[in-house]
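Results of the structural survey
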Amino acid sequence: MDQQAIVQAKLGSGENAVAVHEASLMQGWVRTSRVLALVEHDNNHALFVFMSSRMPPQLFSDLAIERILPVDADFRCEIDTDNRHQDGVDVYVNISSRKLKLLFEMVPGIKTSNFVGEIFRAIEVFTKRRGPPPEFHWLHKFTAGAGLHGGMDSVTSDTTDPGVDGLLGQDDSLLESPEISVPRQSIAKGTTPIAARESVIKYQMAMKEQHYTYTQVLRVFVGTWNVNGQPPTIGLSDWLAQDPEPPDIYAIGFQELDLSKEAFLFNDTPREEEWQEAVLNGLHKKARYHKVALVRLVGMMLLVFVQEQHAAYVRAVATETVGTGIMGKMGNKGGVGVRFDLHSTSLCFVNSHLAAHVEEYERRNQDYHDICSRMSFTRFLPPKGIKDHDQVYWLGDLNYRITDLDPRVVKEHIDQGNLQLLQDHDQLCQQHSIRNVFAGYQEGTITFRPTYKYDPGSDNWDSSEKNRAPAWCDRVLWKGEGITQVTYKSYPELRISDHKPVSSLFDSQIRVIDAAKYRKIHEEVMKKLDKLENEFLPQVMVDNTEVIFDTIHYLESQTRDLIIANTGQVPVTFEFIKKLDDSSYCKDWLNIEPYSGFIKPGEKCDIKLEVFVDKKSAFKLNSGEDKLYDILVLHLEGGKDIFITVTGTYERSCFGSSIEALVYISVPVREIPVGRLMELENAKEMTSTQDPYPIPKEIWFLVDHLYRHGLKQPHLFEQPGLNSELLHIRNWLDNGSPDPLPGSIHSVAEALLLLLESTAEPLIPYNMHSVCLSAASNYLQCKQIIMQLPEHRKNVFLYLCAFLQEVLCHTGDNGLDTKTVATLFGTIFLRDPPRSRGDLTSRVRTNQQALDRKKANFVYHFLVNDQSDFILGR
């Protein structure tokens, strides 16, 4: 059974294991294996954390539920990009629910991406849901077992129980606490590896945050005003600076800044500058302010300022806009947002203008949910949503109305001061109470008259034909801990619009880092970690740090065994890593299996080193660019590096030699001194007194054999040969022999292809490929290109094409057709540069297919046309 089926067997018939993944849970100073499962029931989701008696689990009885986290308004999932290793070895995922914080380490790859993606989708499903929030009654049946810390409390409580706190490492004397005893014993037994150092440090500091931070109360002013397209003809200090003491933070939102068609279509308006200037002039005069951000979408604008003394502590500022107008895109309705971190607290301000008209409360609900789901601050990974902040302040013209009452009756109640009665008929109060919108948000008691709709320039209610009922369209709500509302009021004396401005003043608790305490606690964490690491330092013994191979031949592998034994007290994670400036951890001719692994104390791992010289490395070895020598770096996670040398002697071959060198070799390659062979390979112009062969003798031997014995062979050049026969053919060519060429016809044919592919450059050099492909549809141009080839390459090309024409004269016997031969030899004559044949995307595959067709077309001309004029030199 796979893991998903095993988890499913643990669940009931009403639950579905959407995704299952293995992860390491950071517990204090160590990491322990866990199985995570995202479970769905009736479109509600919860994250199950399982302990397992063995990894991976084999039976459902191996699993025990440790805790369950419902995916609700308090559930968070973040990828810790700051903590990722530079080499991309680990992915760290923070999962939190209420005050419970968990850090998981996962192996990067498509499985991890898919699993985390499913979690984000579950969060999105919850965010977009309508009606009251789920109560997760279906989880109660899972909380009766002993596997959970604190039973259902661990699912729904706002605090974790002491057992969980101990497990998370929140005890200052962690190393000496009872909770650490089991992990320490586990380390000694080899069942729990020490966590990555930076992960542990960051996790421990996060758990101890309350010990090095203190709360500073800052005054936050949040104001909203629908200005009905009017210019700022009045001062704003009566709205923005009425409090005796200056606020620390301003968040000021406008709606309907400009009602013109130009602003709607092109999102451009002079009113932005006008109202920004009016705001700057209206800020409190007892303080100097720094603008954090301005964001605008058509008529919605949000300005955020902080006092200059706080500006140095503002980080990670980002803005975003969401249009919910026509087609869900236009910005006549929607929201704009600003987020930033102030000291150690993240804040988000959202200014929105929701759908109009009395009866459209459901559309307003939809606008709210659209803004929640679509407002994503994408400069972060993963992007942060509105909910992913410590404090959220939502302001704007929310457009909720007073319903079920005649406008005349509404006005009478206002005159009589019956504001509470009217709030019972307020759509936002109604929808909020049943959690259809703004679930988790708070709004202060409304003690001011409705802010809409007035005749502009007066305090008179709407006197138009529509006779709109007064309503509290303009609102301020908030969400988060440490927020206390001080005032919530409107400003009826500001009369230029049909709305009255509103403000809410808050005392906000901002977490501030005490630098001295932070350094002290950080030093304590480092000392404890050093102590633990020194006590349990990974240690291994390698049976041989100098591996010597026998003489290596082309296409003939050799292997050596290497033993890595764990002689320490902790499990060891090892990996062969690349050296500085190297592209790989070993040379092309060497393969290491396995190149990474995990060894428990007292156990060992057998490593196989295999040397195999093929076309990729033969030319470098023949020309002296490379040697059979490498230094391997065996890296121990959390420990030292061990260096292992690998050496051997390569027996040079005609395979991997250049055409230019082979034509000057009249004897078998093995009879040529190594130095002379390297001279021939590296000489730019040959100075030998010996006349060269027209073509390399090795090519002639193979083609002559095929001509005499293989023209009628079925499936020639289509059926592969035998590896053992290829080695015999290689030896025959390299050493020379009076005996006939060994091997079957198919092996000889494959040997010819291998010989042509083993050269450093293809028969037609790389610098001529583009012109060949461009001319592929024109035979005369193709002929001209071949005439420009270096002499020996031209000879080989024409010789092989003449031979292939003869092969195609016997298609009735060998079954070959011209297109097949042209395609095969096109990819050889015009061989791609090393590693250029990517298979990453369908587009790359399509491009490669087009290139291969052009190569085939180029060669096709020389298989169907008479080449006698070439041979005669015309």
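Here is a short report on the structure shown in this document. A quick note: this is a predicted structure, and the numbers were derived from the prediction, not measured.

Section: the overall build of the chain
Summing up its helical and strand segments, the chain has 29 helices and 29 strands in all. Of the contacts made within the chain by residues no fewer than 6 positions apart, 70% connect residues no fewer than 24 positions apart. For the chain, the computed accessible surface area is about 39600 Å², with 50% contributed by carbon and sulfur atoms.

What to know about the packing of helix 25 (residues 791–808) against helix 27 (residues 818–829)
It is at 11 Å that the axes of helix 25 and helix 27 come closest, and there the two elements cross at 160°. If you check the angle between helix 25 and helix 27, you find them roughly antiparallel. Remark: the crossing between helix 25 and helix 27 carries right-handed chirality. Within the contact between the two elements, helix 25 uses Phe797, Leu800, Cys801, Leu804 and Leu808 and helix 27 uses Thr818, Val821, Phe825 and Phe829.

Details of the pattern of salt bridges
Pairing is possible between side chains of opposite charge, provided their charged atoms come close. Scanning the entire structure with this criterion turns up 39 salt bridges. The salt bridge involving arginine 408 is made with glutamate 412; its shortest N-O contact spans 2.8 Å. Taken as a pair, arginine 408 and glutamate 412 lie in helix 13 (residues 407–415) at a separation of four residues, close to a single helical turn. Take arginine 408: its relative accessible area is 51%, and that puts it in the exposed class. Classification of glutamate 412 as partly exposed rests on a relative accessible area of 34%. With a closest N to O distance of 2.6 Å, aspartate 832 and lysine 855 form a salt bridge. One end of the pair, aspartate 832, is in the loop between helix 27 and helix 28 (842–864); the other, lysine 855, is in helix 28, and 23 residues separate them in sequence. Three or more residues are tied together by salt bridges with common partners; here these are Arg34, Glu66 and Arg67.

What to know about the sheet that holds strand 21 (residues 540–542)
What the four strands build is an open sheet, ordered 21-23-27-25; its pairing is antiparallel. Edge strands, defined here as strands with exactly one partner in the open sheet, are strand 21 and strand 25 (590–593). Averaged over all adjacent pairs, the angle separating strand axes in this sheet is 20°, with direction ignored. Note: strand 25 against strand 27 (residues 604–611), four bridges, orientation antiparallel. For isoleucine 592, the partnering residue across the bridge sits in strand 27 and is leucine 609.

Points about the pairing of strand 13 (residues 334–342)
The element strand 13 is extensively covered by neighbouring structure, given that nine of its nine residues are classed as buried. A two-sided burial pattern is seen for strand 13, the buried positions comprising Gly334, Val336, Val338, Phe340 and Leu342 on one face and Gly335, Gly337, Arg339 and Asp341 on the other. Note: strand 13 against strand 14 (residues 345–353), nine bridges, orientation antiparallel. Paired with glycine 334 across the two strands is histidine 353, which belongs to strand 14. The hairpin turn running from strand 13 into strand 14, its antiparallel successor, is two residues long, and histidine 343 in that turn takes a positive phi close to 55°.

Describing empty space enclosed by the protein
Scanning the entire structure with this criterion turns up three cavities of 30 Å³ or more. Considering only enclosed or pocket space, the largest cavity measures out at about 90 Å³ in volume. At the level of elements, helix 18 (659–662), helix 22 (745–757) and helix 27 are the ones that each hand at least two residues to the lining of the largest cavity. Within the lining of the largest cavity, the residues separate by chemical class into 10 nonpolar, two polar and two charged.

Section: the nonpolar core
Judged by nonpolar contacts, the single largest core of 98 residues is most densely connected at Phe717, Ile764, Phe797, Phe829 and Phe858. Setting aside residues up to four positions removed in sequence, phenylalanine 717 forms contacts with Leu706, Ala749, Leu752, Leu753, Phe803, Leu804, Leu824 and Phe825. Listed in part, the 40 residues of the second largest apolar core include Leu342, Leu419, Trp461 and Tyr488.

Some details on the sheet that holds strand 26 (residues 596–599)
Strand pairing in a sheet is mediated by backbone hydrogen bonds. Such pairs are either parallel or antiparallel. An order of 22-29-28-24-26 is seen for the five strands of this open sheet, with the pairing classed as mixed. In this open sheet, the two edge strands, each paired with only one partner strand, are strand 22 (546–548) and strand 26. For this sheet the average axis-to-axis angle between neighbouring strands, irrespective of direction, equals 20°. For strand 24 (residues 572–577) and strand 26, the ladder comprises four bridges, and the chain directions are antiparallel. For valine 572, the partnering residue across the bridge sits in strand 26 and is isoleucine 599.

Section: the packing of helix 20 (residues 697–709) against helix 21 (residues 723–735)
Packing of helix 20 against helix 21 brings their axes to within 10 Å, and their N-to-C directions diverge by 130°. Taken as axis vectors, helix 20 and helix 21 run oblique relative to one another. Between helix 20 and helix 21 lies a crossing whose hand is right-handed. Every residue of helix 21 that contacts helix 20 at Glu698, Phe701 and Leu702 is listed here: Ile729, Trp732 and Leu733. By residue class, the composition of the contact of helix 20 with helix 21 is five nonpolar, no polar and one charged.

So, the side chain of asparagine 566
Take asparagine 566: it is sitting in strand 23 (residues 558–566). A distance of 3.0 Å separates a polar side-chain atom of asparagine 566 from the backbone nitrogen of glycine 568. Not counting chain neighbours up to four residues away, the residues in contact with asparagine 566 comprise Gln539, Val540, Pro571, Val572, Ile599, Lys600, Pro601, Gly602 and Glu603.

What to know about helix 19 (residues 674–682)
If you check which residues of helix 19 are buried, you get Leu677, Leu680 and Glu681. All buried residues of helix 19 lie within an arc of 100° about the axis, which places them on one face of the element.

So, unusual backbone geometry
What is expected of a backbone is that most residues other than glycine have negative phi and most peptide bonds are trans. Following methionine 55, the chain continues into proline 56 via a peptide bond in cis, with omega recorded as -5°. Across the junction of glutamate 593 and proline 594, the peptide omega takes the value -10°, indicating a cis bond. Looking at where proline 594 falls in the secondary structure, it is placed in the loop between strand 25 and strand 26. Positive phi, normally seen in glycine, also occurs at asparagine 228, with a value near 60°.

Here we look at the environment of isoleucine 642
Here isoleucine 642 lies in strand 29 (residues 641–647). Taking the C-alpha atoms as reference, isoleucine 642 lies 9.4 Å from phenylalanine 576; in sequence the two are 66 residues apart. If sequence neighbours within four positions are ignored, isoleucine 642 has contacts with Val540, Val542, Thr545, Leu632, Val633, Leu634 and Leu636.

A few points about the packing of aromatic side chains
Counted under the stated rule, the structure contains 32 aromatic pairs. Here the aromatic rings of tryptophan 394 and phenylalanine 438 are separated by 5.1 Å at their centres, their planes lie at 85°, and the arrangement is edge-to-face. Taken together, the residues tryptophan 394 in strand 17 (residues 391–397) and phenylalanine 438 in the loop between helix 15 (427–433) and strand 18 (474–480) connect sequence positions 44 residues apart. We classify tryptophan 394 as buried; its relative accessible area is 0%.

Looking at helix 21
Its 13 residues give helix 21 an end-to-end C-alpha distance of 18 Å, which sits within 8% of 18 Å, the value for a rise of 1.5 Å per residue. Those residues of helix 21 not exposed but buried are Glu725, Leu726, Leu727, Ile729, Arg730, Trp732, Leu733 and Asp734. Tucked into the core, helix 21 has its buried residues touching helix 20 and helix 22. Backbone geometry just downstream of helix 21 places glycine 736 in the positive-phi region, at approximately 80°.

About the thresholds
- The numbers attached to residues start from 1 for each chain and follow its sequence in the written order.
- At least 70 in pLDDT is required for a residue's local features to be given in this predicted model, at least 80 for side-chain atom pairs to be given and counted, and no such filter applies to totals for whole chains, interfaces and linings, which use all residues.
- Hydrogens are left out, water is left out, and the side-chain values use all remaining heavy atoms of the structure.
- Where helices and strands are cited, they refer to DSSP runs of H or I of at least four residues and of E of at least two residues respectively, numbered from the N terminus.
- The contact criterion used throughout is that any non-hydrogen atoms of two residues lie within 4.5 Å.
- To be clear on the numbers: accessible area is Shrake-Rupley with a 1.4 Å probe, and residue cover counts the displayed protein chains and nothing else.
- Geometry is summarised by axes, namely lines fitted to C-alpha atoms with helices restricted to the contacting stretch, and by angles between N-to-C directions that run from 0 to 180 degrees.
- The cut-offs work like this: below 35 degrees is roughly parallel, past 145 is roughly antiparallel, 65 to 115 is roughly perpendicular, and the gaps in between are oblique.
- Crossing handedness follows the turn of the near helix against the far one: under a right angle anticlockwise gives a left-handed crossing, and clockwise gives a right-handed one.
- Every case where a carboxyl oxygen of Asp or Glu lies within 4 Å of a side-chain nitrogen of Lys or Arg is listed as a salt bridge.
- The cut-offs for exposure are 20% and 50% of the maximum accessible area for each residue type, with area from a 1.4 Å probe on protein chains only; residues under the lower value are buried, those over the upper are exposed, and the others partly exposed.
- For two strands to be treated as a pair, DSSP must find no fewer than two bridges joining them.
- For each structure, a 1 Å grid was placed over the protein atoms alone; sets of points admitting a 1.4 Å probe that cannot get out are labelled cavities, open sets with protein on both sides within 12 Å along at least five of seven lines are labelled pockets, and lining residues have an atom within 4 Å of a point.
- Grid points are joined across faces, edges and corners, and a volume is the space filled by probe spheres set on the points.
- When residues are sorted by character, Ala, Val, Leu, Ile, Met, Phe, Trp, Tyr, Cys and Pro go into the nonpolar class, Asp, Glu, Lys and Arg into the charged class, and all the rest, Gly among them, into the polar class.
- Grouping buried Ala, Val, Leu, Ile, Met, Phe, Trp, Tyr and Cys residues that are joined through side-chain atoms within 4.5 Å yields what is termed a nonpolar core.
- Each polar contact in these results corresponds to two N or O atoms within 3.5 Å; when the atoms are within protein, one needs to be able to donate a hydrogen and the other to accept it, and residues that are neighboring in sequence are counted only if both atoms are side-chain atoms.
- This arc is built from the directions going out from the helix axis to the C-beta atoms.
- Any two rings among Phe, Tyr and Trp, with Trp reduced to its six-membered ring, count as a pair given centres within 6.5 Å; such a pair is stacked if its planes are under 30 degrees apart, edge-to-face if over 60, and tilted if neither.
- In a helix, the anticipated span is given by 1.5 Å times the number of residues less one.

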